[in-house]
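Residues per chain are reported as follows:
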Amino acid sequence: MPIIDSQVHAYEANTPKRPWATVPNWPPHVTGDEMVAAMNKVGVDGAIFISSFSMYRYDGSYAEEVARQHPGRMAIVKPVDPDDENVADVVAKWKETQGAVGIRIFLREEEKRAPDHPGFDRICKAAVDYDLPLNFLFWGRVDDGIRIIDRHPNVRFIVDHLGLLQPRDPPAPAEPWADLPKILDLAKRPNAVIKVSGACTLSQQPYPFPDIWDPLKRVFDAWGFERCLWGTDWTRAFAVVNYENAVKPFLETKTLSDSERAMLMGGACAKAYGWSPKR
(Lines give C-alpha, C1' and ligand atoms only; values in the text may rest on other atoms or scores of the structure.)
Protein backbone atom coordinates (compact mmCIF):
# COMPACT_ATOMS: atom_id res chain seq x y z
CA MET A 1 0.00 0.00 0.00
CA PRO A 2 1.17 3.59 -0.56
CA ILE A 3 2.29 5.74 2.37
CA ILE A 4 -0.18 8.60 2.88
CA ASP A 5 0.31 11.38 5.43
CA SER A 6 -3.20 12.16 6.69
CA GLN A 7 -2.40 15.76 7.64
CA VAL A 8 0.05 18.33 6.32
CA HIS A 9 -0.16 22.11 5.99
CA ALA A 10 1.52 23.87 3.08
CA TYR A 11 1.44 27.63 2.56
CA GLU A 12 3.02 30.53 0.72
CA ALA A 13 5.08 33.27 2.31
CA ASN A 14 3.08 35.99 4.05
CA THR A 15 2.54 38.63 1.36
CA PRO A 16 -0.20 41.14 0.46
CA LYS A 17 -1.26 38.77 -2.33
CA ARG A 18 -2.49 36.23 0.22
CA PRO A 19 -1.90 37.62 3.73
CA TRP A 20 -1.90 35.37 6.77
CA ALA A 21 -4.58 35.84 9.41
CA THR A 22 -2.02 35.05 12.14
CA VAL A 23 1.71 34.36 12.17
CA PRO A 24 2.38 30.99 13.84
CA ASN A 25 5.82 29.71 14.81
CA TRP A 26 6.24 27.92 11.49
CA PRO A 27 8.86 28.36 8.74
CA PRO A 28 8.39 31.48 6.57
CA HIS A 29 7.00 29.26 3.81
CA VAL A 30 6.44 25.60 3.02
CA THR A 31 4.97 25.70 -0.46
CA GLY A 32 3.28 22.78 -2.16
CA ASP A 33 6.50 22.15 -4.12
CA GLU A 34 8.54 22.18 -0.90
CA MET A 35 6.10 19.85 0.83
CA VAL A 36 6.26 17.36 -2.01
CA ALA A 37 10.07 17.54 -1.95
CA ALA A 38 10.04 16.76 1.79
CA MET A 39 7.71 13.82 1.15
CA ASN A 40 9.98 12.53 -1.62
CA LYS A 41 12.98 12.63 0.70
CA VAL A 42 11.40 10.27 3.24
CA GLY A 43 9.31 8.07 0.93
CA VAL A 44 5.82 9.46 1.53
CA ASP A 45 3.71 8.85 -1.56
CA GLY A 46 0.84 11.26 -0.93
CA ALA A 47 -0.73 13.55 1.63
CA ILE A 48 -4.00 15.07 2.70
CA PHE A 49 -3.32 18.80 2.59
CA ILE A 50 -5.44 20.53 5.23
CA SER A 51 -5.77 24.22 4.41
CA SER A 52 -4.31 26.12 7.36
CA PHE A 53 -6.95 27.88 9.43
CA SER A 54 -4.22 29.76 11.31
CA MET A 55 -3.17 31.48 8.12
CA TYR A 56 -6.02 31.34 5.62
CA ARG A 57 -9.16 30.90 7.76
CA TYR A 58 -11.91 29.60 5.45
CA ASP A 59 -10.09 30.43 2.19
CA GLY A 60 -8.99 27.20 0.53
CA SER A 61 -7.62 28.84 -2.63
CA TYR A 62 -3.98 28.01 -1.99
CA ALA A 63 -4.84 24.37 -1.35
CA GLU A 64 -6.71 24.38 -4.67
CA GLU A 65 -3.60 25.68 -6.45
CA VAL A 66 -1.43 22.95 -4.96
CA ALA A 67 -3.94 20.22 -5.81
CA ARG A 68 -3.89 21.36 -9.43
CA GLN A 69 -0.09 21.42 -9.48
CA HIS A 70 0.34 18.04 -7.74
CA PRO A 71 -2.86 16.09 -8.45
CA GLY A 72 -1.25 12.70 -7.87
CA ARG A 73 0.37 13.68 -4.59
CA MET A 74 -2.06 15.97 -2.74
CA ALA A 75 -5.74 15.76 -1.89
CA ILE A 76 -7.26 18.72 -0.08
CA VAL A 77 -9.53 19.55 2.86
CA LYS A 78 -10.66 23.00 3.93
CA PRO A 79 -12.36 24.41 7.04
CA VAL A 80 -15.94 25.60 6.65
CA ASP A 81 -17.63 28.29 8.72
CA PRO A 82 -20.38 27.35 11.21
CA ASP A 83 -21.48 31.00 11.28
CA ASP A 84 -22.22 30.99 7.53
CA GLU A 85 -25.91 30.30 7.03
CA ASN A 86 -25.15 29.42 3.40
CA VAL A 87 -22.42 26.94 4.28
CA ALA A 88 -24.22 24.16 2.39
CA ASP A 89 -23.56 26.06 -0.85
CA VAL A 90 -19.89 26.33 0.10
CA VAL A 91 -19.72 22.57 0.68
CA ALA A 92 -21.51 21.88 -2.63
CA LYS A 93 -18.96 23.99 -4.51
CA TRP A 94 -16.06 22.38 -2.65
CA LYS A 95 -17.33 18.94 -3.59
CA GLU A 96 -16.78 19.84 -7.25
CA THR A 97 -13.25 21.20 -6.67
CA GLN A 98 -10.34 19.23 -8.11
CA GLY A 99 -8.70 17.17 -5.39
CA ALA A 100 -11.23 18.00 -2.65
CA VAL A 101 -11.84 15.01 -0.37
CA GLY A 102 -13.26 16.48 2.85
CA ILE A 103 -14.20 19.48 4.99
CA ARG A 104 -13.22 20.47 8.53
CA ILE A 105 -14.71 21.99 11.68
CA PHE A 106 -13.27 23.07 15.02
CA LEU A 107 -14.59 22.89 18.55
CA ARG A 108 -11.84 24.48 20.60
CA GLU A 109 -11.58 27.03 23.36
CA GLU A 110 -10.47 29.60 20.78
CA GLU A 111 -13.77 29.60 18.91
CA LYS A 112 -16.04 29.73 21.99
CA ARG A 113 -18.89 27.96 20.18
CA ALA A 114 -21.26 25.72 22.11
CA PRO A 115 -21.67 22.14 20.88
CA ASP A 116 -25.32 22.89 20.05
CA HIS A 117 -24.38 25.80 17.78
CA PRO A 118 -26.76 25.47 14.78
CA GLY A 119 -23.89 25.85 12.34
CA PHE A 120 -22.51 22.45 13.28
CA ASP A 121 -25.83 20.84 12.37
CA ARG A 122 -25.88 22.69 9.03
CA ILE A 123 -22.39 21.48 8.22
CA CYS A 124 -23.10 17.91 9.29
CA LYS A 125 -26.17 17.81 7.05
CA ALA A 126 -24.15 19.16 4.13
CA ALA A 127 -21.41 16.58 4.74
CA VAL A 128 -24.02 13.84 4.38
CA ASP A 129 -25.77 15.46 1.42
CA TYR A 130 -22.51 15.87 -0.52
CA ASP A 131 -20.87 12.68 0.74
CA LEU A 132 -17.76 14.23 2.25
CA PRO A 133 -16.01 13.09 5.43
CA LEU A 134 -15.96 15.71 8.17
CA ASN A 135 -12.59 16.30 9.83
CA PHE A 136 -13.20 17.33 13.43
CA LEU A 137 -10.71 19.00 15.80
CA PHE A 138 -12.04 19.05 19.36
CA TRP A 139 -8.92 18.69 21.47
CA GLY A 140 -9.42 20.11 24.95
CA ARG A 141 -13.21 19.70 24.56
CA VAL A 142 -13.55 15.97 24.08
CA ASP A 143 -16.93 15.61 25.82
CA ASP A 144 -18.47 18.34 23.65
CA GLY A 145 -17.00 16.80 20.51
CA ILE A 146 -18.44 13.40 21.33
CA ARG A 147 -21.87 14.98 21.80
CA ILE A 148 -21.76 16.29 18.23
CA ILE A 149 -20.60 12.93 16.87
CA ASP A 150 -23.41 11.15 18.72
CA ARG A 151 -25.95 13.65 17.41
CA HIS A 152 -25.02 12.89 13.79
CA PRO A 153 -24.65 9.12 13.32
CA ASN A 154 -24.81 9.39 9.52
CA VAL A 155 -21.77 11.68 9.23
CA ARG A 156 -18.37 10.14 8.48
CA PHE A 157 -16.22 11.85 11.12
CA ILE A 158 -12.43 11.88 10.99
CA VAL A 159 -11.15 12.77 14.46
CA ASP A 160 -8.09 15.00 14.23
CA HIS A 161 -4.87 14.43 16.17
CA LEU A 162 -5.99 11.52 18.37
CA GLY A 163 -8.51 13.90 19.94
CA LEU A 164 -5.70 15.00 22.28
CA LEU A 165 -4.39 18.50 22.88
CA GLN A 166 -0.95 18.73 21.25
CA PRO A 167 1.78 21.36 21.72
CA ARG A 168 3.18 23.77 19.15
CA ASP A 169 6.29 24.18 21.30
CA PRO A 170 8.26 21.75 23.42
CA PRO A 171 8.00 20.28 25.95
CA ALA A 172 5.07 17.88 25.81
CA PRO A 173 2.29 18.47 28.36
CA ALA A 174 2.78 16.97 31.80
CA GLU A 175 -0.08 14.52 31.15
CA PRO A 176 -0.37 14.34 27.34
CA TRP A 177 -2.60 11.25 27.37
CA ALA A 178 -5.02 12.40 30.09
CA ASP A 179 -8.08 12.27 27.78
CA LEU A 180 -7.13 8.91 26.28
CA PRO A 181 -9.86 6.92 28.13
CA LYS A 182 -12.51 9.11 26.50
CA ILE A 183 -10.89 8.62 23.08
CA LEU A 184 -10.86 4.85 23.57
CA ASP A 185 -14.57 4.95 24.45
CA LEU A 186 -15.23 7.06 21.33
CA ALA A 187 -14.03 4.09 19.27
CA LYS A 188 -17.43 2.48 19.92
CA ARG A 189 -18.98 4.94 17.44
CA PRO A 190 -18.96 3.24 14.03
CA ASN A 191 -19.26 6.53 12.14
CA ALA A 192 -15.81 7.77 13.27
CA VAL A 193 -12.20 7.05 12.36
CA ILE A 194 -9.19 8.65 14.03
CA LYS A 195 -6.03 10.36 12.85
CA VAL A 196 -2.92 9.15 14.61
CA SER A 197 -1.39 12.48 13.66
CA GLY A 198 1.06 14.57 15.63
CA ALA A 199 1.71 11.67 18.01
CA CYS A 200 5.44 12.42 18.24
CA THR A 201 4.65 15.83 19.75
CA LEU A 202 3.16 14.04 22.78
CA SER A 203 6.42 12.28 23.61
CA GLN A 204 8.31 13.23 26.73
CA GLN A 205 11.44 11.48 25.43
CA PRO A 206 13.75 12.43 22.54
CA TYR A 207 13.69 10.90 19.07
CA PRO A 208 12.68 8.19 18.27
CA PHE A 209 10.02 8.91 20.95
CA PRO A 210 9.76 5.42 22.49
CA ASP A 211 7.14 6.40 25.07
CA ILE A 212 4.37 6.90 22.48
CA TRP A 213 3.95 3.21 21.68
CA ASP A 214 2.21 1.96 24.84
CA PRO A 215 -0.63 4.51 24.61
CA LEU A 216 -0.81 4.13 20.84
CA LYS A 217 -1.23 0.38 21.24
CA ARG A 218 -4.33 1.10 23.30
CA VAL A 219 -5.61 3.29 20.45
CA PHE A 220 -4.91 0.59 17.86
CA ASP A 221 -6.60 -2.07 20.00
CA ALA A 222 -9.73 0.05 20.53
CA TRP A 223 -10.12 1.50 17.03
CA GLY A 224 -8.53 -1.20 14.85
CA PHE A 225 -5.85 -0.39 12.29
CA GLU A 226 -8.44 -0.02 9.52
CA ARG A 227 -9.79 3.04 11.39
CA CYS A 228 -6.43 4.64 12.32
CA LEU A 229 -4.87 7.16 9.92
CA TRP A 230 -1.18 7.95 10.47
CA GLY A 231 -0.05 11.53 9.93
CA THR A 232 2.61 14.05 10.92
CA ASP A 233 0.65 17.33 11.24
CA TRP A 234 3.63 19.05 9.73
CA THR A 235 4.12 22.03 9.69
CA ARG A 236 2.04 22.68 12.84
CA ALA A 237 4.53 20.37 14.59
CA PHE A 238 7.55 22.23 13.17
CA ALA A 239 8.92 23.57 16.48
CA VAL A 240 8.63 20.14 18.14
CA VAL A 241 9.75 17.63 15.50
CA ASN A 242 11.06 17.87 11.94
CA TYR A 243 9.33 16.08 9.08
CA GLU A 244 11.80 13.21 8.73
CA ASN A 245 11.71 12.47 12.46
CA ALA A 246 7.91 12.46 12.43
CA VAL A 247 7.89 9.82 9.67
CA LYS A 248 10.77 7.45 10.49
CA PRO A 249 9.59 6.14 13.90
CA PHE A 250 6.49 4.69 12.23
CA LEU A 251 8.49 3.22 9.35
CA GLU A 252 11.09 1.65 11.64
CA THR A 253 9.27 0.58 14.81
CA LYS A 254 9.23 -3.12 15.59
CA THR A 255 5.89 -2.79 17.39
CA LEU A 256 4.00 -2.94 14.05
CA SER A 257 3.76 -5.88 11.68
CA ASP A 258 4.13 -5.18 7.96
CA SER A 259 0.36 -5.48 7.41
CA GLU A 260 -0.42 -3.22 10.38
CA ARG A 261 2.06 -0.62 9.13
CA ALA A 262 0.60 -0.71 5.63
CA MET A 263 -2.92 -0.13 6.94
CA LEU A 264 -1.92 2.55 9.45
CA MET A 265 0.34 4.48 7.07
CA GLY A 266 -1.84 4.41 4.00
CA GLY A 267 -4.62 1.86 3.71
CA ALA A 268 -6.96 3.37 6.28
CA CYS A 269 -6.42 6.88 4.94
CA ALA A 270 -7.15 5.84 1.36
CA LYS A 271 -10.38 4.21 2.53
CA ALA A 272 -11.51 7.13 4.69
CA TYR A 273 -10.97 9.76 1.99
CA GLY A 274 -11.59 7.65 -1.10
CA TRP A 275 -8.27 8.79 -2.55
CA SER A 276 -4.92 7.22 -3.34
CA PRO A 277 -1.78 8.97 -4.61
CA LYS A 278 -0.14 8.41 -7.97
CA ARG A 279 3.57 9.09 -8.32
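Further up the page is the structure itself.
Small disclaimer: the values here were computed from a predicted structure and weren't measured.

Scanning the protein chain from N- to C-terminus turns up 10 helices and 8 strands. For 279 residues, the compact-globule formula gives about 19 Å, and the C-alpha radius of gyration of the protein chain, at 17 Å, lands near that figure. Across its three principal axes, the protein chain shows a C-alpha extent of roughly 50 × 40 × 35 Å. Burial status across the protein chain gives 59% buried among its 279 residues. Excluding contacts between residues fewer than 6 apart, the proportion of contacts in the protein chain whose partners are at least 24 apart in sequence is 77%. With 34 positive and 38 negative side-chain charges, the protein chain shows a spacing of 2 Å between the two charge centroids.

A word on the pattern of salt bridges. Taken as a whole, this structure holds 22 salt bridges when the rule is applied. The partner of arginine 113 in a salt bridge is aspartate 83, with the nearest N and O atoms 2.9 Å apart. One end of the pair, arginine 113, is in the loop between β4 (100–106) and α5 (118–129); the other, aspartate 83, is in the loop between β3 (74–79) and α4 (87–95), with 30 residues separating them in the sequence. On the accessibility criterion, arginine 113 (11% relative accessible area) is buried. Between aspartate 129 and lysine 125 there is a salt bridge, and its shortest N-O distance comes to 2.7 Å.

Of note, aspartate 144 is situated in helix α6 (residues 142–151). A polar contact of 3.0 Å, which involves the side chain of aspartate 144, links it to the side chain of arginine 141.

On to unusual backbone geometry. Note the cis peptide between proline 170 and proline 171, where omega equals 0°. A cis amide bond, omega 10°, links tyrosine 207 with the succeeding residue proline 208. If you trace the backbone, proline 208 turns up in the loop between β7 (192–197) and α8 (213–223). Look at aspartate 131: it is not a glycine, yet its phi comes out positive at around 50°.

This part takes up the packing of helix α1 (residues 32–42) against helix α9 (residues 243–252). For the pair α1 and α9, interaxial distance at closest approach is 10 Å and the crossing angle is 35°. The two elements α1 and α9 cross, and the hand of that crossing is right-handed. Taking contact as the criterion, the partners of Met35, Ala38, Met39 and Val42 in α1 are, on α9, Tyr243, Glu244, Val247 and Leu251. The residue inventory of the contact of α1 with α9, partitioned by class, reads 7 nonpolar, no polar and 1 charged.

Moving on, we come to α4. Quick reminder: α-helices carry 3.6 residues per turn. Residues three or four places apart thus point the same way. Buried within α4 we find Val87, Val91, Ala92 and Trp94. The buried residues of α4 occupy an angular sector of 165° when the element is viewed end-on, so they sit on one face. In this structure, α4 carries Asp89 and Lys93 as exposed residues pointing more than 90 degrees from its buried face. Taken together, the buried residues of α4 touch α3 (61–69), β3, β4 and α5.

Let us look at the layout of surface pockets. For the largest pocket, the calculated volume is near 350 Å³. Around the largest pocket sit 22 residues that line it, and Ser54, Arg108, Glu110, Trp139 and Arg168 are the ones nearest its centre. Listed by contribution, the elements that provide at least two residues to the lining of the largest pocket are α2 (53–56) and β4. Grouping the constituent residues of the lining of the largest pocket by class yields 6 nonpolar, 7 polar and 9 charged. Empty space within the second largest pocket amounts to approximately 220 Å³. Residue lining of the second largest pocket: 16 residues in total, with Arg156, Phe157, Asn191, Val193 and Ala272 positioned closest to the centre. For the lining of the second largest pocket, the secondary-structure elements that each account for two or more residues are β6 (157–159), β7 and α10 (258–273). Per-element accounting of the lining of the second largest pocket gives the leading share, 3 residues, to α10.

Rules and cut-offs
Residues numbered from 1 in each chain as written. Predicted model: local features only at pLDDT ≥ 70, side-chain atom pairs only at ≥ 80, totals over all residues. Heavy atoms only, no water. Helix = DSSP H or I, 4+ residues; strand = E, 2+ residues; numbered from the N terminus. Rg over C-alpha atoms; globule rule 2.2 N^0.38 Å. Buried < 20%, exposed > 50% of the residue type's maximum accessible area, 1.4 Å probe, protein only. Contact = heavy atoms within 4.5 Å. Lys, Arg positive; Asp, Glu negative; His and termini not counted. Charge placed at Lys NZ, Arg CZ, Asp CG, Glu CD. Salt bridge = Lys/Arg side-chain N within 4 Å of Asp/Glu carboxyl O. Polar contact = N/O pair within 3.5 Å; in protein donor to acceptor, adjacent residues only side chain to side chain. Axes fitted to C-alpha atoms, helices over the stretch in contact; angles between N-to-C directions. Left-handed = near helix turned anticlockwise from the far one by under 90°. Nonpolar A, V, L, I, M, F, W, Y, C, P; charged D, E, K, R; others polar. Arc of directions from axis to C-beta. 1 Å grid on protein atoms, 1.4 Å probe; cavity = no way out; pocket = protein on both sides within 12 Å on 5 of 7 lines; lining within 4 Å. Points joined across faces, edges and corners; volume = space filled by probe spheres on them.

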